[in-house]
Amino acid sequence: MAIERTLSIIKPDGVKKNVIGAIITKFEEAGLTPVAVRMTTLSQAEAGGFYAVHSARPFFGELVEFMTSGPVVLMVLEGESAITRNREIMGATDPAEAAEGTIRALFAESKGVNTVHGSDAPETAAAEIAYFFRGIDIFPKAGEAITANPS
Ligand code: CMP
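Bear in mind that the values here come from a model prediction, so they are computed numbers and not experimental data.

Student: It is not clear to me how the overall build of the chain should be interpreted in this structure. Could you clarify?
Tutor: Check the secondary structure of the chain and you find seven helices and four strands. In the chain, the succession of α and β elements from N to C terminus is β-α-α-β-α-α-β-α-α-β-α. For the chain, the C-alpha atoms occupy an extent of roughly 40 × 35 × 25 Å along the three principal directions. Expressed as a percentage of the 151 residues in the chain, the buried residues total 45%.

Shown next as structure tokens:
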């Protein structure tokens, strides 16, 4: 077990539904601490670059359009097994398949409009965190050494 960091995004639908606080509370109650937080509206270039790995998928245009449709909250979450833990709290990509009580079961509308994003592996977490945050803007939880994926 290791203390990790992962990138979390509260997507435009989550911001519009006024559930930023409810979502962050779920993370904090599960032992994940936001150590960097920024609210912004992504440009097409920023969203397209972030999701470049999906650029050949049929839903890519729709994904970029949705992610630029309103403000998002970008966060670095830190904690024990943060990458896996965050994905458990989010629930499955498709809200119809998301476990009861997960963020997507509670708030998401569809596979595309699914309220939150979370990094899926240590390598992607490091790359996604670096895409949006400078190291100097990340504030480690007091006394915790990052043992898995420092950025
Ligand atoms: P996210 O975890 O942010 O990473 C990739 C995103 O692509 C995913 O969440 C979904 O929002 C989106 N996505 C995946 N599959 C589909 C789909 N079939 N239709 C629309 N969007 C999708």
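Student: What am I meant to see in the site of the ligand here?
Tutor: By nearness alone, every residue bordering the ligand is listed as Lys-11, Tyr-51, His-54, Phe-59, Glu-62, Leu-63, Arg-104, Lys-111, Gly-112, Asn-114 and His-117. Within the side chain of His-117, a nitrogen or oxygen atom sits 2.9 Å from an oxygen atom of the ligand. When isolated, the ligand has an accessible area of 460 Å², and the protein chains bury 80% of it. In terms of residue class, the shell around the ligand is made up of three nonpolar, four polar and four charged.

Student: Before we go on, may I ask you to explain the pattern of salt bridges in this structure?
Tutor: Two side chains carrying opposite charge are able to pair once their charged atoms lie near each other. Evaluated as defined, the whole model comprises five salt bridges. Where Glu-109 meets Lys-17, a salt bridge forms, and the shortest distance between an N and an O atom there is 2.9 Å. Taken together, the residues Glu-109 in the loop between α6 (103-107) and β4 (116-118) and Lys-17 in the loop between α1 (12-16) and α2 (20-29) connect sequence positions 92 residues apart. Among the ionic pairs, Glu-88 bridges to Arg-85, the shortest N-O distance being 2.7 Å. Of this pair, Glu-88 and Arg-85 both sit in helix α5 (residues 82-90), three residues apart, roughly one helical turn. Classification of Arg-85 as partly exposed rests on a relative accessible area of 31%. Each of Asp-13, Lys-17 and Glu-109 takes part in a single network of salt bridges with overlapping partners.

Student: Would you mind going over α2 with me for this structure?
Tutor: Note on helix geometry: an α-helix contains 3.6 residues per turn, so any two residues three or four positions apart are oriented the same way. Within α2, the full set of buried residues consists of Ile-23, Ile-24 and Phe-27. For α2, the angular spread of the buried residues around the axis is 95°, confining them to a single face. The first or second residue beyond α2 is Gly-31, which carries a positive phi of 90°.

Student: It is not clear to me how the nonpolar core should be interpreted in this structure. Could you clarify?
Tutor: Grouped together as the largest cluster of nonpolar side chains are 20 residues, with contacts concentrated most on Leu-7, Ile-9, Met-67, Val-76, Phe-132, Phe-133 and Ile-138. Sorting the residues of this core by element identifies β1 (3-10), β2 (33-40), α3 (44-50), α4 (60-67), β3 (72-80) and α7 (122-132) as the ones contributing at least two each. The element that contributes the greatest number of residues to this core is α4, accounting for five residues. Setting aside anything within four residues of it in sequence, one finds Phe-132 in contact with Leu-7, Ile-9, Arg-38, Leu-42, Phe-50 and Leu-74. In terms of nonpolar packing, the next biggest core, distinct from the first, is built from 16 residues, Ile-24, Leu-77, Ala-82 and Ile-89 among them.

Student: Would you explain the environment of Arg-85 in this entry?
Tutor: C-alpha of Arg-85 to C-alpha of Gly-31: the two residues are 54 residues apart in sequence and 9.0 Å apart in space. Once residues within four sequence positions are removed from consideration, Arg-85 is found in contact with Ala-30, Leu-32 and Glu-80. A polar side-chain atom of Arg-85 sits 2.7 Å from a polar atom in the side chain of Glu-88.

Student: Is there a simple way to think about α7 in this case?
Tutor: Turning to α7, its buried residues number three or more, namely Ala-125, Glu-128, Ile-129 and Phe-132. The buried residues of α7 occupy an angular sector of 100° when projected down its axis, which confines them to one face. Set apart from the buried face of α7 by more than 90 degrees, the exposed residues are Glu-123 and Ala-130. Where α7 is buried, its residues contact β1, β2, α3, β3, α5 and β4.

Definitions and cut-offs
- Residues numbered from 1 in each chain as written.
- Predicted model: local features only at pLDDT ≥ 70, side-chain atom pairs only at ≥ 80, totals over all residues.
- Heavy atoms only, no water.
- Helix = DSSP H or I, 4+ residues; strand = E, 2+ residues; numbered from the N terminus.
- Buried < 20%, exposed > 50% of the residue type's maximum accessible area, 1.4 Å probe, protein only.
- Near = heavy atom within 4 Å.
- Polar contact = N/O pair within 3.5 Å; in protein donor to acceptor, adjacent residues only side chain to side chain.
- Areas by Shrake-Rupley, 256 points an atom, 1.4 Å probe, with all protein chains shown as cover.
- Nonpolar A, V, L, I, M, F, W, Y, C, P; charged D, E, K, R; others polar.
- Salt bridge = Lys/Arg side-chain N within 4 Å of Asp/Glu carboxyl O.
- Arc of directions from axis to C-beta.
- Core = buried A, V, L, I, M, F, W, Y, C linked by side-chain atoms within 4.5 Å.
- Contact = heavy atoms within 4.5 Å.

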